[in-house]
Every structure is written in C-alpha cells, then in structure tokens.
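Structural overview for review
If you want the building blocks of each chain, they are given just below.
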Amino acid sequence: GEDVEQSLFLSVREGDSSVINCTYTDSSSTYLYWYKQEPGAGLQLLTYIFSNMDMKQDQRLTVLLNKKDKHLSLRIADTQTGDSAIYFCAESMTGGGADGLTFGKGTHLIIQP
Amino acid sequence: DAGVTQSPTHLIKTRGQQVTLRCSPISGHKSVSWYQQVLGQGPQFIFQYYEKEERGRGNFPDRFSARQFPNYSSELNVNALLLGDSALYLCASSLALASYEQYFGPGTRLTVT
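Small disclaimer: the values here were computed from a predicted structure and weren't measured. (Residues numbered from 1 in each chain as written. Chains lettered and ligands numbered in written order. Predicted model: local features only at pLDDT ≥ 70, side-chain atom pairs only at ≥ 80, totals over all residues. Heavy atoms only, no water.)

What to know about the sheet that holds strand β8 (residues 74–78) of chain B
Residue and element names in this part refer to chain B. Put simply, the test is: Paired strands, in this sense, are two strands between which DSSP finds at least two bridges. Helix and strand labels come from DSSP, where a helix needs a run of H or I of at least four residues and a strand needs a run of E of at least two; each type is numbered from the N terminus. Each axis is a line fitted through C-alpha atoms, and for a helix only the stretch in contact is used; angles between axes span 0 to 180 degrees, taken between their N-to-C directions.
Strand order in the open sheet formed by 4 strands is β1-β3-β8-β7, and the pairing between neighbours is antiparallel. Either end of the sheet is taken by a strand with one partner, and the two such strands are β1 (5–7) and β7 (64–68). Direction aside, neighbouring strands of the sheet carry axes that sit 20° apart on average. With 5 bridges joining them, β7 and β8 adopt antiparallel strand pairing. When the sheet's bridge partners are listed, Gln68 is paired in β8 with Ser74.

Here is the structure:
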C-alpha cells in the first residue's frame, strides 16, 4: 500500500532555514501536501503541489518535488519560534477525494534560540 | 468566517460503550472527511461523505460508521469501544468531493478506559 516517510525530528537555529523532507511510494500520487500541527490543535494546511510541478513558493515557504525519486521537501526561510510544530507530509491520488489523504508520521521542528 | 467545528472537545468512555462525535464544516463546504490520529502518528483516513453519501472509506472495522445531514454536518459513530480507539478524531471539510484543499477542525480527544 501507499507509504509516506519523514524523519521524526529536525532542530534548527532561529533565523536559519529549515528543510523538512518526505518520501512517498505511490507513483500515482497526484497531490502532495504539507500540514502543520501545533500542540493540542488540529491540522493547518500550509501548501500543496501538483505532481506536474517541480516547485512552488509561497512567502517563506518553498516546496520542491522530485517526482522521479518520489521526494518532497518543505523549506521554511528565516525560521521563527512560532514555526515550532509538527509538520506532516501527505499525498492523495484524487486531491482528498474518495481515497482520502495518506499522511506521514510527522516531523517535529525544534527551534533553538 | 468560522472554520470547521467539532464537538465535544474531550470525551472519556469505557470499553464496550458507544460514542458519537460531531462536525460542522466550513460554510459552503459540502464534503466532510473523518480521520483518526493516534498519539505519535499521522492521521489515518476513516470516511469521506459528500452530498450525504459515503464516497470513500479507509481500512477501519465496521464498528465505525458515519452519516452526513442535509446541512452538511456530520456524525461519526464508534460502537463497542476498544482501548485502541483512544485517539484524536479529526474532521476535515472541503468544497466538493475532490477539491484538494481540505481544512481540519481542532479535533475531539477520545479516551477509552
């Protein structure tokens, strides 16, 4: 079945860039997402990218997709303490339709002062 | 505008009991999906409903059921609760069946003792 993998922890200094990586196994994934979850909260949609794109930029966020290697990354520029959270990578064939979203286990982003 | 709302916030049940969780989607959204997030894991897809019909189902037992009402709100029911059903239950809404932007509510924390 489909699988999405992420490293569990990433520690960066405040002001540096954070790069969170994700790999997926389903080659028919059409939509790839990044969600953010703060303690005790639901998931916040950060950004998404279609499989026919290589890159998407949205303010401090840059998403890179290497479809050949099934690798997705999220770069957060000028990381701030408010960016401390769990970041989930997710994929879907139908854009969250009948197959739902398949999530990774999440990457805990830790910000050092 | 109000986001996705869920009730109750927290719930404690005993093994073997039944529970009903409620979700109201963002105004104008017609699709509701349910996810289970066990501590330390990413969310897992349970159901998707669109126009009051089940359109997708994840790998969950028949103890899990749901429905969607004419106003697009939804209920998730879980019968014969097991300890392993303890989790954060998340509801997500989207405009249509596969409109690729899913917005999550804050979740209901269910504890089964």
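Side note on the sheet that holds strand β6 (residues 55–58) of chain A
Hydrogen bonds between backbone groups are what pair the strands of a sheet, and the pairing can be parallel or antiparallel. Residues and elements named next belong to chain A. Reading across the sheet, the 5 strands line up as β1-β3-β8-β7-β6 and stay open at both edges, with antiparallel pairing between neighbours. Looking at strand neighbours, the two that pair on one side only are β1 (4–6) and β6, the edges of this open sheet. Neighbour-to-neighbour, the strand axes of the sheet open up by a mean angle of 15°, direction not taken into account.

Overview of the state of the cysteines
Formally, a disulfide is one covalent bond, and it connects the sulfur atom of one cysteine to the sulfur atom of another. Our working definition: Here, the term disulfide refers to a pair of cysteine sulfur atoms separated by no more than 2.5 Å. Burial classes follow relative accessibility: with a 1.4 Å probe on protein chains only, a residue under 20% of its type's maximum area counts as buried, one over 50% as exposed, and anything between as partly exposed.
Overall, the coordinates contain 2 disulfides over all chains when judged by the stated rule. Sulfur-sulfur distance for the disulfide between Cys22 of chain A and Cys89 of chain A comes to 2.0 Å. Disulfide Cys22 of chain A-Cys89 of chain A: torsion about the S-S bond near -60°, hence left-handed. Of this pair, Cys22 of chain A sits in strand β3 (residues 18–24) while Cys89 of chain A sits in strand β9 (residues 85–92), and the two are 67 residues apart along the sequence. On the basis of relative accessibility, which here comes to 1%, the residue Cys22 of chain A falls in the buried class. Residue class for Cys89 of chain A comes out buried when judged on its relative accessible area of 1%. Covalently, Cys23 of chain B is tied to Cys91 of chain B through a disulfide, its sulfur atoms 1.8 Å apart. Handedness of the Cys23 of chain B-Cys91 of chain B disulfide follows from its S-S torsion of about -60°: it is left-handed.

Read these as geometric descriptors, not functional statements.
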